[in-house]
Amino acid sequence: MESIVGDEAIIATNDNASECKRCAVQIGYWEDKYINYFVRNSERKAPEINRGYYARIKGIELLIQKFLLKCGKNSQIINIGAGFDTLYWRLKDEGLEFGNFVEMDFPTVTSRKCHLIKKSRVLLEKLHTEDGEVRFSSTDLHGSGYHLVGGDLRSLSEVKSKLGAGGECGLDPSLPTLFLSECVLVYMDAASTGRLLDWISSTFSAVFFISYEQINIGDKFGEVMQRNLRSRGCTLAGMEACLSKEAQQQRFTSHGWDGSKCWDMVEVYNALPQNDVQRIELLEFLDERELLLQLFQHYCITVAWREAPDSKFDLSSIDF
Ligand SMILES: C[S@@+](CC[C@H](N)C(=O)[O-])C[C@H]1O[C@@H](n2cnc3c(N)ncnc32)[C@H](O)[C@@H]1O
């Protein structure tokens, strides 16, 4: 039985992530017209935190764009542990074409998200089905190309019933599919993540995974990060995979994936479009360069792919 106290602390990490994103958006790091519908208030965060979120958002955005360009408008996107992420609405505004978009999180989080979406005409506008109906339950929502479902990712039966073929989300395992998880797997025990990754790699015929989370968590700076999270009641059940790039990659390759690559955020930041990096570097004075470098060295983006032998998407070529 998972600890309820632990789960509550993990659920609370979504509020923190949403507040940090809102703060960075307000300062002008990137554009997000939707975050205010999910978070009302946020205190100003330190410049290195804002830059960290900028690198994370932009790095992930770049990889998603490359995936969609390669795989086309039937591609499915599944954001696990999505929290209050606004990615669906932002991608729609960018005019990028994709098929079904699904988000899954604990029911406590999805019921709050359902409620906030229901209240907002702006958010609802982009979910309309042909007959104009968006179906809501207390924890789930089904629009024409957007689905929000509640469940515990550690329970394979819940995952299968929500994300499997024939479920209400209308996912089709034969279509190219992108899985995204941002700071989620670190809270799950290795056995549960292993089962989840096995199921994804053996179910979808062309699948790409983007994961953002901690790395080098075993060194001195990493230990401070761990202590901070633990002091908030979060158990880092998946921290073994956050010890190194190799451990991040191995988590995938030992669970049925064809290959995996990992970049720390120093590498990601250097690979971002430099004109935009120069723009954001003028937004705030950064006193603590060393601290930013250490933060970047302790987070990473890992990708993994699996394709059936007759698939032609060449997912292994997607990188920075
Ligand atoms: C740090 S927040 C990140 C939210 C979002 N991905 C983002 O980047 O803004 C972690 C999210 O993972 C979700 N999560 C963690 N473990 C989960 C599990 N076992 N089942 C479902 N959701 C989970 C939490 O509820 C929370 O919303």
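Conventions we followed
- Residues numbered from 1 in each chain as written.
- Predicted model: local features only at pLDDT ≥ 70, side-chain atom pairs only at ≥ 80, totals over all residues.
- Heavy atoms only, no water.
- UniProt positions renumbered as here; feature names shortened; annotations may be inferred.
- Near = heavy atom within 4 Å.
- Polar contact = N/O pair within 3.5 Å; in protein donor to acceptor, adjacent residues only side chain to side chain.
- Areas by Shrake-Rupley, 256 points an atom, 1.4 Å probe, with all protein chains shown as cover.
- Helix = DSSP H or I, 4+ residues; strand = E, 2+ residues; numbered from the N terminus.
- Salt bridge = Lys/Arg side-chain N within 4 Å of Asp/Glu carboxyl O.
- Buried < 20%, exposed > 50% of the residue type's maximum accessible area, 1.4 Å probe, protein only.
- Arc of directions from axis to C-beta.
- Contact = heavy atoms within 4.5 Å.
- Pairing = 2+ DSSP bridges.
- Right-handed = clockwise from strand over helix to strand, strands pointing away.
- Axes fitted to C-alpha atoms, helices over the stretch in contact; angles between N-to-C directions.
- Parallel < 35°, antiparallel > 145°, perpendicular 65-115°, else oblique.
- Left-handed = near helix turned anticlockwise from the far one by under 90°.
- Nonpolar A, V, L, I, M, F, W, Y, C, P; charged D, E, K, R; others polar.

Looking at an unreviewed UniProt entry, one finds the protein named Leucine carboxyl methyltransferase 1, with Ladona fulva as its source organism. The UniProt entry for the protein carries the following text under Function (unreviewed entry): "Methylates the carboxyl group of the C-terminal leucine residue of protein phosphatase 2A catalytic subunits to form alpha-leucine ester residues." Turning to the protein, the UniProt record has this under Sequence similarities (unreviewed entry): "Belongs to the methyltransferase superfamily. LCMT family."

Trainee: Just to check I follow, could you spell out the site of the ligand for this structure?
Mentor: Around the ligand, the structure places 21 residues, and the nearest of them are Lys 21, Arg 56, Gly 81, Asp 105 and Asp 152. The backbone of Gly 81 places a nitrogen or oxygen atom 2.8 Å from a nitrogen atom of the ligand. In isolation the ligand exposes 590 Å². Once the protein is present, 98% of that is buried. For the shell around the ligand, the element with the highest residue contribution is helix H1 (residues 4-27), accounting for six residues.

Trainee: Looking at this structure, how should I read the pattern of salt bridges?
Mentor: Working definition: two side chains of opposite charge can pair if their charged atoms are close together. All chains considered together, the criterion is met by 22 salt bridges. Of the charged contacts, one joins Asp 93 and Lys 126 as a salt bridge, the two residues approaching to 3.2 Å between their closest N and O atoms. You can see Asp 93 sitting in helix H3 (residues 87-93) and its partner Lys 126 sitting in the loop between helix H5 (121-125) and strand E3 (135-136), a full 33 residues away along the chain. Accessibility expressed as a relative area gives 35% for Asp 93, which makes it partly exposed. Lys 261 is the salt-bridge partner of Asp 319, the closest N and O atoms lying 3.2 Å from each other. Of the two residues, Asp 319 sits in the segment after strand E9 (299-307) while Lys 261 sits in strand E8 (residues 259-264), which places them 58 residues apart along the sequence. When its relative accessible area of 27% is taken as the criterion, Asp 319 is described as partly exposed. Counted as one network, the salt bridges with shared partners bring together Lys 21, Asp 32, Arg 56, Lys 58, Glu 61, Asp 85, Arg 90 and Glu 182.

Trainee: Even after reading the chapter, I still don't get helix H12 (residues 289-297), so can you show me in this structure?
Mentor: Helical geometry note: an α-helix holds 3.6 residues per turn, so side chains three or four residues apart project in the same direction. All buried positions along H12 are accounted for by Leu 292, Leu 295 and Phe 296. For H12, the angular spread of buried residues about the axis comes to 100 degrees, placing them on one side. Buried residues in H12 make contact with helix H2 (47-71), helix H8 (220-231), E8, helix H10 (265-271) and E9.

Trainee: Explain the pairing of strand E2 (residues 101-105) to me, please; I cannot follow it from the model alone.
Mentor: Within a regular beta strand, the side chains point alternately toward one face of the sheet and then the other, so they alternate between its two faces. The element E2 is largely enclosed, with a buried count of five among its five residues. The side-chain alternation of E2 yields two buried faces, one formed by Phe 101, Glu 103 and Asp 105 and the other by Val 102 and Met 104. Both strand E1 (residues 76-80) and E2 contribute to a ladder of four bridges, which runs parallel. By the bridge assignment for E2, Ile 80 is matched with Met 104. Handedness of the β-α-β unit built from E1, H3 and E2 comes out right-handed. Examined bridge by bridge, E2 and strand E5 (residues 146-150) share five bridges and lie parallel to one another. Its bridge partner being in E5, Val 102 is matched across the sheet by His 147.

Trainee: Looking at this structure, how should I read the sheet that holds strand E4 (residues 141-142)?
Mentor: Hydrogen bonds between backbone groups are what pair the strands of a sheet, and the pairing can be parallel or antiparallel. Spatial ordering of the open sheet is given by E3-E4-E5-E2-E1-E6-E7-E9-E8, a layout of nine strands whose pairing is mixed. Of all strands in the sheet, those bounded by a partner on one side alone are E3 and E8. Where E1 lies against strand E6 (residues 177-182), four bridges are found, and the strand directions are parallel. The partner of Gln 76 across the bridge, within E6, is Thr 177. Strands E1, E6, strand E7 (206-214) and E9 of the sheet are contacted by helix H7 (residues 190-203), whose axis makes an angle of about 155 degrees with E7.

Trainee: What is the right way to look at the packing of H2 against helix H11 (residues 274-281) in this model?
Mentor: Packed helices, taken two at a time, are described by the angle between their axes plus the distance between the axes. Packing of H2 against H11 brings their axes to within 12 Å, and their N-to-C directions diverge by 160 degrees. It follows that H2 is roughly antiparallel to H11 by the angle criterion. Here H2 runs over H11; the crossing is right-handed. Taken together, the residues of H11 that come into contact with H2 (itself represented by Arg 51, Tyr 54 and Lys 58) are Asp 276, Val 277, Ile 280 and Glu 281. For the contact of H2 with H11, the residue count by class is three nonpolar, no polar and four charged.

Trainee: When you look at the pairing of E7 in this model, what are you seeing that I'm missing?
Mentor: A large share of E7 lies buried, amounting to nine of its nine residues. The sheet contact formed by E6 and E7 spans six bridges and is parallel. Residue Leu 180 lies in a different strand from E7, and its bridge partner there is Ile 210. For the handedness criterion, the β-α-β arrangement of E6, H7 and E7 is classed as right-handed. As paired elements, E7 and E9 share nine bridges and run antiparallel to each other. What sits directly across from Phe 209, in E9, is Ala 304.

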